[in-house]
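# Working through the structure, step by step
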Amino acid sequence: MAGHLVKRSFTLAGHRTSIALEPEFWAVLEEEAARRGEPLLRVVAAADAARDDPSLPLASALRVLALGLARR
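Residues numbered from 1 in each chain as written. Predicted model: local features only at pLDDT ≥ 70, side-chain atom pairs only at ≥ 80, totals over all residues. Heavy atoms only, no water.

Going by what an unreviewed UniProt entry lists, the chain is known as Putative DNA-binding ribbon-helix-helix protein and is assigned to Muricoccus pecuniae.

### Points about the UniProt feature "domain: Ribbon-helix-helix" (unreviewed entry) in the chain
According to UniProt, the "domain: Ribbon-helix-helix" (unreviewed entry) feature falls on residues 6-67. For residues 6-67, the helix share is 56%, the strand share is 23%, and the end-to-end C-alpha distance is 17 Å. (UniProt positions renumbered as here; feature names shortened; annotations may be inferred. Helix = DSSP H or I, 4+ residues; strand = E, 2+ residues; numbered from the N terminus.)

### Topic: the pairing of strand S2 (residues 15-21)
As paired elements, strand S1 (residues 6-12) and S2 share seven bridges and run antiparallel to each other. Among the inter-strand pairings, Val6 is bridged to a residue of S2, identified as Leu21. The hairpin turn running from S1 into S2, its antiparallel successor, is two residues long, and Ala13 in that turn takes a positive phi close to 50 degrees. (Pairing = 2+ DSSP bridges.)

### Looking at the pattern of salt bridges
A complete count under the given rule lists six salt bridges for this structure. In this structure, the salt-bridge partner of Glu22 is Arg63, at a minimum N-O distance of 3.1 Å. Within this pair, whereas Glu22 is found in the loop between S2 and helix H1 (23-36), its partner Arg63 is found in helix H3 (residues 58-71), the two being separated by 41 residues in sequence. Under the relative-accessibility criterion, Glu22 is labelled buried at 13%. (Salt bridge = Lys/Arg side-chain N within 4 Å of Asp/Glu carboxyl O. Buried < 20%, exposed > 50% of the residue type's maximum accessible area, 1.4 Å probe, protein only.)

### Concerning helix H2 (residues 40-50)
All buried positions along H2 are accounted for by Leu40, Val43, Val44 and Ala47. End-on view of H2: buried residues confined to an arc of 95 degrees, all on one side of the axis. More than 90 degrees from the buried face of H2, the exposed residues found are Arg42 and Ala49. Against S1, S2, H1 and H3 lie the buried residues of H2. (Arc of directions from axis to C-beta. Contact = heavy atoms within 4.5 Å.)

### A closer look at the packing of H1 against H3
Two numbers describe how H1 lies on H3: the axes approach to 9 Å, and their chain directions differ by 65 degrees. It follows from the interaxial angle that H1 and H3 lie roughly perpendicular. In terms of crossing hand, the pair formed by H1 and H3 is left-handed. Here Phe25, Val28, Leu29 and Glu32 of H1 lie close against H3, whose contacting residues are Leu62, Arg63, Leu65, Ala66, Leu69 and Ala70. (Axes fitted to C-alpha atoms, helices over the stretch in contact; angles between N-to-C directions. Parallel < 35°, antiparallel > 145°, perpendicular 65-115°, else oblique. Left-handed = near helix turned anticlockwise from the far one by under 90°.)

### Comments concerning H1
Under the 1.5 Å per step criterion, the end-to-end length of H1 is 20 Å for 14 residues, consistent within 8% with the ideal 20 Å. Of the residues flanking the end of H1, it is Gly37, one or two places downstream, whose phi is positive at about 70 degrees. (Expected span 1.5 Å × (residues − 1).)

What follows is the structure in structure tokens.
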């Protein structure tokens, strides 16, 4: 892994938020968005809405999602 974080900002449920992930995780999420024919925002918003515990970090949920996608 490159070891550096890339920060991106989104508006989710009417609130601005920034998420910092390693480029490799962003790449997997972008590939999934392209596969679905959707913007990256939709993938991020779906992961946000799907969290069982909204107090857990969205960045962690996105890493777990990306890991699951990469393992397919």
